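Chain by chain, the residues:
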Amino acid sequence: MKTSWTALDVMRDAPVIPVIVLHDVKDAVPLARALVAGGIRMLEVTLRTREALECIELIAKEVPEAVAGAGTIRSAADAQASALAGAKFGVSPGYTRAVGKACHDLGLPLLPGVATGSEIMLAQEDGFTELKFFPAVQAGGLAMLKAWQGPFGEVKFCPTGGIHAGNAPEFLALSNVACVGGSWIVPTDAIAAGDWSRIEALAREASQLAR
Ligand SMILES: O=C(O)C(=O)C[C@H](O)[C@H](O)COP(=O)(O)O
């Protein structure tokens, strides 16, 4: 079984990376299984909740078909805790050199968040060429990505923030978009209700989006 992944592997595996918020540890395994059953195995579990690290650990142990990563990495300590919990990749909402260096030193593939040309240049200087564009719709959406195709033609983006089934195809059609990220396939109410079949159906629909 493959155990290490590059940031590009993470982006290319499926058209959508689900942005997951888990408040209850017992939801982690059934949620991961539902997403995998729907065709999506790269899972971003955000560090927005206290339970997140334990959820990553559980998915890593109990759902070997899934590849659990950590989202909302905002510090070197977040990166270290994520790697220790078994996260296979990290995603950050912004970029700092400290986060980049920590992930590099840990061997944790990182999708650094950027929203401006300067941030892209800083991440590129540190060796990152696969980036999360966050918050994508709010920060300029399709027009921004098209504008970046000129000066930053070699960068592949994962736009996240404001993406849903309706607008995802337009983003995925751009040559500098490798995948999109979003919470729409893991709705809070479906998780709270344990409605795993709804989440599986949303994942299946998302996994079939054209790129
Ligand atoms: O928590 C993080 O690390 C983030 O960077 C934020 C998430 O990626 C977006 O909040 C997802 O956006 P929506 O799909 O519009 O819900």
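Residues numbered from 1 in each chain as written. Predicted model: local features only at pLDDT ≥ 70, side-chain atom pairs only at ≥ 80, totals over all residues. Heavy atoms only, no water.

- The name an unreviewed UniProt entry assigns to the chain is 2-dehydro-3-deoxy-phosphogluconate aldolase, from the organism Variovorax ureilyticus.
- In its Pathway (unreviewed entry) section, the UniProt entry covering the chain states "Carbohydrate acid metabolism; 2-dehydro-3-deoxy-D-gluconate degradation; D-glyceraldehyde 3-phosphate and pyruvate from 2-dehydro-3-deoxy-D-gluconate: step 2/2." (UniProt positions renumbered as here; feature names shortened; annotations may be inferred.)

## Some points on the packing of aromatic side chains
Now for step 1: A complete count under the given rule lists 3 aromatic pairs for this structure.
Now for step 2: Ring geometry for Tyr95 and Phe128: centres 5.7 Å apart, planes at 65 degrees, overall edge-to-face. One end of the pair, Tyr95, is in the loop between strand E4 (90-91) and helix H5 (97-106); the other, Phe128, is in the loop between helix H6 (117-125) and strand E7 (130-133), with 33 residues separating them in the sequence. We note that Tyr95, like Phe128, is buried.
Now for step 3: Note on Phe133 and Trp148: the rings are 4.7 Å apart at their centroids and 65 degrees apart in plane angle, and the pair reads as edge-to-face. Here Phe133, found in strand E7, pairs with Trp148, found in helix H7 (residues 141-148); they are 15 residues apart in sequence, far enough to count as distant. The exposure classification of Phe133 matches that of Trp148, with both residues buried.
Now for step 4: Put simply, the rings of Phe133, Trp148 and Phe157 touch in pairs and so form one group of aromatic residues.
Now for step 5: The side chain of Lys132 reaches across the aromatic face of Phe134, ending 4.8 Å from its centre. (Phe/Tyr/Trp six-rings, centres within 6.5 Å; stacked < 30°, edge-to-face > 60°. Helix = DSSP H or I, 4+ residues; strand = E, 2+ residues; numbered from the N terminus. Buried < 20%, exposed > 50% of the residue type's maximum accessible area, 1.4 Å probe, protein only. Lys NZ or Arg CZ within 6 Å of the ring centre and 35° of its normal.)

## Considering the site of the ligand
Now for step 1: Around the ligand sit Val19, Thr46, Arg48, Thr72, Pro93, Lys132, Phe134, Thr160, Gly161, Gly162, Gly182 and Ser183, and that is every residue in its neighbourhood.
Now for step 2: At 2.8 Å, a side-chain N or O of Arg48 approaches an oxygen atom of the ligand.
Now for step 3: Contacts to the ligand include Gly162, whose backbone N or O atom sits 2.8 Å from an oxygen atom.
Now for step 4: Across the complex, the protein chains shield 82% of the 410 Å² of accessible surface that the ligand would expose by itself.
Now for step 5: The residue inventory of the shell around the ligand, partitioned by class, reads 3 nonpolar, 7 polar and 2 charged. (Near = heavy atom within 4 Å. Polar contact = N/O pair within 3.5 Å; in protein donor to acceptor, adjacent residues only side chain to side chain. Areas by Shrake-Rupley, 256 points an atom, 1.4 Å probe, with all protein chains shown as cover. Nonpolar A, V, L, I, M, F, W, Y, C, P; charged D, E, K, R; others polar.)

## Description of helix H2 (residues 28-37)
Now for step 1: Considered for burial, the residues of H2 that qualify are Ala28, Val29, Leu31, Ala32, Ala34 and Leu35.
Now for step 2: Check the buried side of H2 and you find it contacts strand E1 (16-20), strand E2 (42-46), helix H3 (52-62), helix H9 (188-193) and helix H10 (196-207).
Now for step 3: Backbone geometry just downstream of H2 places Gly39 in the positive-phi region, at approximately 100 degrees. (Contact = heavy atoms within 4.5 Å.)

## Focus on the pairing of strand E8 (residues 156-159)
A regular strand places its side chains on the two faces of the sheet in alternate fashion.
Now for step 1: Across 4 bridges, the pairing between E7 and E8 is parallel. Bridged to Phe133 within E8 is Pro159.
Now for step 2: One crossover worth recording links E7 to the parallel E8 by way of H7, and it is right-handed. (Pairing = 2+ DSSP bridges. Right-handed = clockwise from strand over helix to strand, strands pointing away.)

## Describing the pattern of salt bridges
Where side chains of opposite charge bring their charged atoms close, a pairing between them can arise.
Now for step 1: Tallying each qualifying case throughout the model produces 9 salt bridges.
Now for step 2: Ionic pairing is found between Arg204 and Glu200, a salt bridge with its closest N-O pair at 2.8 Å. With Arg204 and Glu200 both in helix H10 and 4 residues apart, this pair spans about one turn of that helix.
Now for step 3: Given a relative accessible area of 34%, Arg204 falls into the partly exposed group.
Now for step 4: Beyond isolated ion pairs, a larger network of salt bridges with shared partners links Asp24, Lys26 and Asp27. (Salt bridge = Lys/Arg side-chain N within 4 Å of Asp/Glu carboxyl O.)

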